[in-house]
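# Observations on chain architecture
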Amino acid sequence: MPIDQARVGAHIAAQMEAIEQDYGEDCRIGDICTVVEVLGPHGSHVRVRPSDARAHVGVGLLRWAEATLLRMGGPQIAGEGEGE
């Protein structure tokens, strides 16, 4: 059975809506880094995929995200706070 991609698609769509709401149309998306937990008979694995293959870009985005999450007290999910 193929992996259902709907959850990832819905999450990214919600993120894009939040970005558009917060920043308007005068901005553009820069580098992207996705982190996904994959659950299955093998257990739990984490996959990370930066949009730029240079390690300093991916690591930099992850470190910035970590600092942001710690400062916010955890992720802000639409419907559970101020948005993403």
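Since the structure is predicted, the reported quantities are computational estimates derived from the model, not experimental observations.

The rules behind these values
- Residues numbered from 1 in each chain as written.
- Predicted model: local features only at pLDDT ≥ 70, side-chain atom pairs only at ≥ 80, totals over all residues.
- Heavy atoms only, no water.
- Helix = DSSP H or I, 4+ residues; strand = E, 2+ residues; numbered from the N terminus.
- Contact = heavy atoms within 4.5 Å.
- Polar contact = N/O pair within 3.5 Å; in protein donor to acceptor, adjacent residues only side chain to side chain.
- Pairing = 2+ DSSP bridges.
- Expected span 1.5 Å × (residues − 1).
- pLDDT = per-residue confidence, 0-100.
- Patch = residues over 30% accessible without salt bridge, like charges linked within 9 Å, V, L, I, M, F, W, Y side chains within 5 Å.
- Areas by Shrake-Rupley, 256 points an atom, 1.4 Å probe, with all protein chains shown as cover.
- Salt bridge = Lys/Arg side-chain N within 4 Å of Asp/Glu carboxyl O.
- Buried < 20%, exposed > 50% of the residue type's maximum accessible area, 1.4 Å probe, protein only.

## Here we look at the environment of Asp 52
Looking at the secondary structure, you find Asp 52 in the loop between β2 (43–50) and α2 (55–72). The spatial distance from the C-alpha of Asp 52 to the C-alpha of Cys 33 is 8.4 Å, given a sequence separation of 19 residues. Ignoring any residue separated from it by four or fewer positions in sequence, one finds Asp 52 in contact with Asp 31 and Val 57. A distance of 2.7 Å separates the side chain of Asp 52 from the side chain of Arg 54, its partner in a polar contact.

## With respect to the pairing of β2
Here eight bridges tie strand β1 (residues 33–40) to β2, and the two strands are oriented antiparallel to one another. Directly across from Val 36, in β2, lies its bridge partner Arg 47. Where β1 hands over to β2, the hairpin turn is made up of two residues, counted between the paired strands.

## With respect to α2
Along its 18 residues, α2 runs 26 Å from first to last C-alpha, staying within 8% of the 26 Å computed at 1.5 Å per residue. Count one or two residues on from α2 and you reach Gly 73, which has phi positive near 80 degrees.

## Things to note about the confidence of the model for the protein chain
In this model, the protein chain carries an average pLDDT of 87, and 86% of its residues clear a pLDDT of 70 or more. No element of the protein chain has a lower mean pLDDT than α2, which averages 92, and none a higher one than β2, which averages 95.

## Examining a nonpolar patch on the surface
On the surface, a nonpolar cluster with roughly 440 Å² of combined accessible area is contributed by Val 8, Ile 12, Met 16, Ile 29, Ile 32 and Val 36. At three residues, the largest contribution of residues to the nonpolar patch is made by helix α1 (residues 6–23). Examined against the element boundaries, Val 36 turns out to sit in strand β1. On the accessibility criterion, Val 36 (31% relative accessible area) is partly exposed.

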